[in-house]
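# Chain and residue survey
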Amino acid sequence: MKLDRIKLITEMARKRMTVVEMAKITGMSRVTISNVRSGKSCSAAVGYAIAKALNKDLADLIETTED
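Structural notes, computed from the coordinates. (Residues numbered from 1 in each chain as written. Predicted model: local features only at pLDDT ≥ 70, side-chain atom pairs only at ≥ 80, totals over all residues. Heavy atoms only, no water.)

### Points about the side chain of Thr 26
Quick note on the threshold: Numbering of helices and strands starts at the N terminus; helices are DSSP runs of H or I of at least 4 residues and strands are runs of E of at least 2. The term polar contact refers here to a pair of N or O atoms within 3.5 Å; inside protein, the definition further demands a hydrogen-donor-capable atom paired with an acceptor-capable atom, and it admits residues adjacent in sequence only when both atoms are side-chain atoms. Any pair of residues with heavy atoms lying within 4.5 Å of one another is described as a contacting pair.
Among the secondary structure elements, Thr 26 is positioned in helix α2 (residues 19-26). At a separation of 2.8 Å, a polar atom in the side chain of Thr 26 contacts the main-chain carbonyl oxygen of Met 22. At 3.2 Å, the side chain of Thr 26 forms a polar contact with the backbone nitrogen of Met 28. Not counting residues up to four positions away in its chain, the partners in contact with Thr 26 are Ile 33, Ala 49, Ile 50 and Ala 53.

Structure below.
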């Protein structure tokens with residue numbers, strides 16, 4: 001799955017959360033969080049962990065394609 005990188009970056013900024021802080025909260029590596037922020041795909045487990053850390057529904061963060 002891909003998370004919308006703009007939404008992710010925006011939510012992290014709202015919470016004043018750095019990549020390092022997100023990595024600590026989620027238990028993921030800093031590289032994994034950076035990769036997701038840059039638009040790379042992630043597993044559902046990573047997506048759920050990020051959404052939970054941001055107190056958001058995963059559906060709000062998933063990238064949507066508009067035709």
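### Section: unusual backbone geometry
In this structure, Arg 16 is a non-glycine residue whose phi angle is positive, near 50°. Residue Asn 55 is not a glycine yet carries a positive backbone phi of 55°. Note on placement: Asn 55 falls in the loop between α4 (44-53) and α5 (58-61).

### Here we look at the environment of Val 36
Within the secondary structure layout, Val 36 lies in helix α3 (residues 30-37). Along the chain, Val 36 and Lys 7 lie 29 residues apart, while their C-alpha atoms are 11 Å from each other. Setting aside residues up to four positions removed in sequence, Val 36 forms contacts with Leu 3, Arg 5, Leu 8, Cys 42, Val 46 and Ile 50.

### Topic: the environment of Met 12
Rules: Burial classes follow relative accessibility: with a 1.4 Å probe on protein chains only, a residue under 20% of its type's maximum area counts as buried, one over 50% as exposed, and anything between as partly exposed.
As for its placement among the helices and strands, Met 12 is situated in helix α1 (residues 5-14). The class of Met 12 is buried, set by a relative accessible area of 0%. Separated by 38 residues in sequence, Met 12 and Ile 50 place their C-alpha atoms 9.8 Å apart. If sequence neighbours within four positions are ignored, Met 12 has contacts with Met 17, Thr 18, Val 19, Met 22, Arg 37 and Leu 54.

### Examining the side chain of Asp 4
What counts here: The sign given to each residue is positive for Lys and Arg and negative for Asp and Glu; His and the chain ends receive no count. Throughout this description, the term salt bridge denotes a Lys or Arg side-chain nitrogen within 4 Å of a carboxyl oxygen of Asp or Glu.
Its location among the elements puts Asp 4 in the segment before α1. It is Lys 7 that comes nearest to the buried, bridge-free Asp 4 among opposite-charge side chains, at 4.5 Å. For Asp 4, the side chain forms a polar contact with the main-chain nitrogen of Lys 7, separated by 3.1 Å. Setting aside anything within four residues of it in sequence, one finds Asp 4 in contact with Leu 61, Ile 62 and Glu 63.

### So, the pattern of salt bridges
Going through the model one piece at a time under the given rule, you end up with 2 salt bridges. The partner of Glu 11 in a salt bridge is Arg 14, with the nearest N and O atoms 2.5 Å apart. Residue Glu 11 and its partner Arg 14 are located together in helix α1, separated by 3 residues, close to a single helical turn. Among the residues examined, Glu 11 registers a relative accessible area of 10% and is labelled buried. Judged by relative accessible area, which is 61%, Arg 14 ranks as exposed. Here Lys 56 makes a salt bridge to Glu 11, at a shortest N to O gap of 3.9 Å. Remark: Glu 11 occurs in helix α1 and Lys 56 occurs in the loop between α4 and α5; sequence separation between them is 45 residues. Three or more residues joined by partner-sharing salt bridges are found here, namely Glu 11, Arg 14 and Lys 56.

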